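Descriptive analysis of the structure
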Amino acid sequence: METKRVTPENIRELNPGEIFVFGSNINGYHAGGAAAAAVRRFGAIGGRGVGIQRQSYAIPTMEGGVDYIAGYVNKFVEYARKHPELFFWVTKIGCGIAGFKSGEIAPLFKEAALLPNIALPSEFWRILENNANKEETPLQTVPEKNTTAKKGMLSTGAIVAIIITLAILCTAAILFFW
């Protein structure tokens, strides 16, 4: 890992060619957290839960476990590799409403850390560096617990997000028909 490119805690605006990378749900209900900010500020499109959307890039984090998310992170890294003219600000995807810990998500960005056009949260960098140090001294490695959810199971964070989304939709419907 070369120079650290650190994503700021709060991104309020982007320059041309910069992309806000956020955790989403597969159906594109961008109702809370970084996903809501992506809609308000960076052009995320409701109903699209994956990929590039104007100045944002959605990575689904709500429907499955770490292995599920890893596939979408890998697709993101490949997209960033093919688009060196763009710069990607990765947020702490999956670590809010989805309910994952940074230690579960950060290792998914090991390859992303090698690309000069991707910035990661400082906590992800710290975890990646700690993991790299553990790889150099195998006697200190600790087996990781299995964090992969069973296929078809929703995480607690996903259930909370669905409830919040339903509450927002019900409130909007009540106000509309009032």
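Below you will find a few notes about this structure. Every chain begins its residue count from 1, and numbering advances along the sequence as written. With pLDDT at 70 or above as the cut-off, local features in this predicted model cover only qualifying residues; side-chain atom pairs require 80 or more to be listed or tallied, and sums for whole chains, interfaces and linings still use all residues. Each side-chain value is worked out from all heavy atoms of the structure, with water and hydrogens disregarded.

Quick word on the pattern of salt bridges
So the rule is basically this: Criterion for a salt bridge: a side-chain nitrogen of Lys or Arg within 4 Å of a carboxyl oxygen of Asp or Glu. Helix numbering and strand numbering both begin at the N terminus, where a helix is a DSSP run of H or I of at least 4 residues and a strand a DSSP run of E of at least 2.
Here the structure, examined in full by the defined rule, presents 3 salt bridges. The salt bridge involving Arg126 is made with Glu123; its shortest N-O contact spans 3.9 Å. Taken together, the positions of Arg126 and Glu123, both in helix 4 (residues 122-136) and 3 residues apart, correspond to about one turn of that helix. In the salt-bridge network here, residues are joined through shared partners; they are Lys92, Glu123 and Arg126.

Regarding the sheet that holds strand 5 (residues 87-90)
Condition: A pair of strands is treated as paired once DSSP finds two or more bridges between them. Contact between two residues is taken to exist if any of their heavy atoms lie within 4.5 Å; hydrogens are not considered. Angles shown run from 0 to 180 degrees and are taken between the N-to-C directions of axes, each axis being a line fitted to C-alpha atoms and, for helices, limited to the stretch in contact.
Strand order in the open sheet made by the 6 strands is 1-6-5-2-4-3, with mixed pairing throughout. With one partner strand each, in any of the chains shown, strand 1 (6-7) and strand 3 (51-53) form the two edges of the open sheet. Relative to strand 4 (residues 56-60), strand 2 (residues 18-24) runs parallel, the two being bridged by 5 bridges. What sits directly across from Phe20, in strand 4, is Ser56. Where helix 1 (residues 33-42) meets the sheet, its contacts fall on strand 2, strand 3 and strand 4, and the angle it forms with strand 2 comes to roughly 145°. In this fold helix 2 (residues 66-82) packs onto strand 2, strand 3, strand 4, strand 5 and strand 6 (118-121), with an angle of close to 155° to the strand it touches most, strand 4.

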